[in-house]
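# Coordinate inspection notes
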Amino acid sequence: MERSDPNAHLVTARASGMVGCQHCAEAWPMGTEICGRCGSRLSSRDETSLQKVWAWWLAGIICYIPANTEPMLITKTLFQNESSTIVGGAIELFEYGNPGIALIILIASVGIPVAKFFCIAFLALSVRHRSATSPGTRHRIYDVVEYIGRWSMIDVFVVAIMSSLVQFSAVATVTAGPASLAFALSVICTMLSAQSFDSRRLWDSIDGSVPAR
């Protein structure tokens, strides 16, 4: 039995001669410049959306490299100085009998950021090259990327907490390494990349709109 297209009956606001506010979701006639509900400026599509997405995405990639190669945590004692990267610290936790914490750090600091990079790139490319994946599926991916962005800072939070708690003056000190700043910048860049994406373009294939170049 032939299955019908679930998006065949959908009509976008743009095809209906309307423009939706991205802040309060109110729909207005095409050509309206200011939203009468929240006062935001209205635009049918952000013509520079993909350029901003790729710019922030590339900046996030650049920052993510030193975030994984430079020390995240530096421990100084009377006898020695030790430093560990994100992956190195997770491995040490696993060896010391804390596999649960090690897994959480790997997922939050490696798995989620890498997945976000792939998802944002996929969404941007799908708009440019008309992906066969349904707009609804792609929009759900976009919602997930935005939702998990806030949890990507867990490594920075852990370092900040340890730096404030583990201070024993001359006995031992724990300080944040250069990777913490790079990691925070990478997370911020990927969040800005996701927020720069105009999700309305995911639905342009329904009404035959031409994607941005």
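This is a predicted model, so every value here is computed, not measured. (Residues numbered from 1 in each chain as written. Predicted model: local features only at pLDDT ≥ 70, side-chain atom pairs only at ≥ 80, totals over all residues. Heavy atoms only, no water.)

A few words now on the overall build of the protein. The helix and strand inventory of the protein stands at seven helices and five strands. Traced from its N-terminal end to its C-terminal end, the protein shows the element sequence β-β-α-β-β-α-α-α-α-β-α-α. Evaluated residue by residue, the protein yields a buried proportion of 36% over its 213 residues. Relative to all contacts within the protein whose residues are 6 or more apart in sequence, the contacts with residues 24 or more apart total 65%. When the accessible surface of the protein is totalled, it reaches about 12,500 Å², and 65% of it is carbon and sulfur. (Helix = DSSP H or I, 4+ residues; strand = E, 2+ residues; numbered from the N terminus. Buried < 20%, exposed > 50% of the residue type's maximum accessible area, 1.4 Å probe, protein only. Contact = heavy atoms within 4.5 Å. Areas by Shrake-Rupley, 256 points an atom, 1.4 Å probe, with all protein chains shown as cover.)

Summed over all chains, the structure comprises five aromatic pairs. Aromatic pair Trp 57 and Phe 117: ring centres 6.2 Å apart, planes at 90°, arrangement edge-to-face. Placement of Trp 57 in helix H1 (residues 49-69) and of Phe 117 in helix H3 (residues 99-129) is noted, with a sequence separation of 60 residues between them. Take Phe 117: its relative accessible area is 5%, and that puts it in the buried class. Pairing Tyr 142 with Phe 197 gives two aromatic rings, centres 5.6 Å apart and planes at 45°, and the pair type is tilted. In this pair, Tyr 142 sits in helix H4 (residues 135-148) while Phe 197 sits in the loop between helix H6 (178-196) and helix H7 (204-207), placing the two residues 55 residues apart along the sequence. The class for Phe 197 is buried, based on a relative accessible area of 5%. (Phe/Tyr/Trp six-rings, centres within 6.5 Å; stacked < 30°, edge-to-face > 60°.)

Running from N to C, H3 and H6 point in directions that differ by 30°, and their axes come no closer than 11 Å. By the criterion of interaxial angle, the relationship of H3 to H6 is roughly parallel. The two elements H3 and H6 cross, and the hand of that crossing is left-handed. Counting all contacts with H3, which are made through Ala 108, Ser 109, Pro 113, Lys 116, Phe 117 and Ile 120, the residues of H6 involved are Phe 183, Ser 186, Thr 190, Met 191, Ser 193 and Ala 194. Its residues assigned to classes, the contact of H3 with H6 comprises seven nonpolar, four polar and one charged. (Axes fitted to C-alpha atoms, helices over the stretch in contact; angles between N-to-C directions. Parallel < 35°, antiparallel > 145°, perpendicular 65-115°, else oblique. Left-handed = near helix turned anticlockwise from the far one by under 90°. Nonpolar A, V, L, I, M, F, W, Y, C, P; charged D, E, K, R; others polar.)

Quick look at the confidence of the model for the protein now. On average, the protein scores 76 in pLDDT, and the residues at 70 or more come to 74%. By mean pLDDT, helix H5 (residues 154-165) is the weakest element of the protein at 60, and H1 is the strongest at 92. (pLDDT = per-residue confidence, 0-100.)

Membership of the largest hydrophobic core is limited to twelve residues, which are Tyr 64, Ala 67, Met 72, Ile 86, Ala 90, Ala 102, Ile 105, Phe 117, Ala 179, Ala 182, Phe 183 and Val 187. Broken down by secondary-structure element, the contributors of at least two residues to this core are H1, helix H2 (86-95), H3 and H6. The biggest single contributor to this core is H6, with four residues. Counting residues in each nonpolar core, the second largest holds eleven residues, with Leu 50, Ile 120, Ala 124 and Phe 197 among its members. (Core = buried A, V, L, I, M, F, W, Y, C linked by side-chain atoms within 4.5 Å.)

Another point: a nonpolar patch on the surface. Taken together, the side chains of Val 87, Ile 91 and Leu 106 make up a nonpolar region of the molecular surface, amounting to roughly 220 Å² of accessible area. Its location among the elements puts Val 87 in helix H2. Residue class for Val 87 comes out partly exposed when judged on its relative accessible area of 36%. (Patch = residues over 30% accessible without salt bridge, like charges linked within 9 Å, V, L, I, M, F, W, Y side chains within 5 Å. Salt bridge = Lys/Arg side-chain N within 4 Å of Asp/Glu carboxyl O.)

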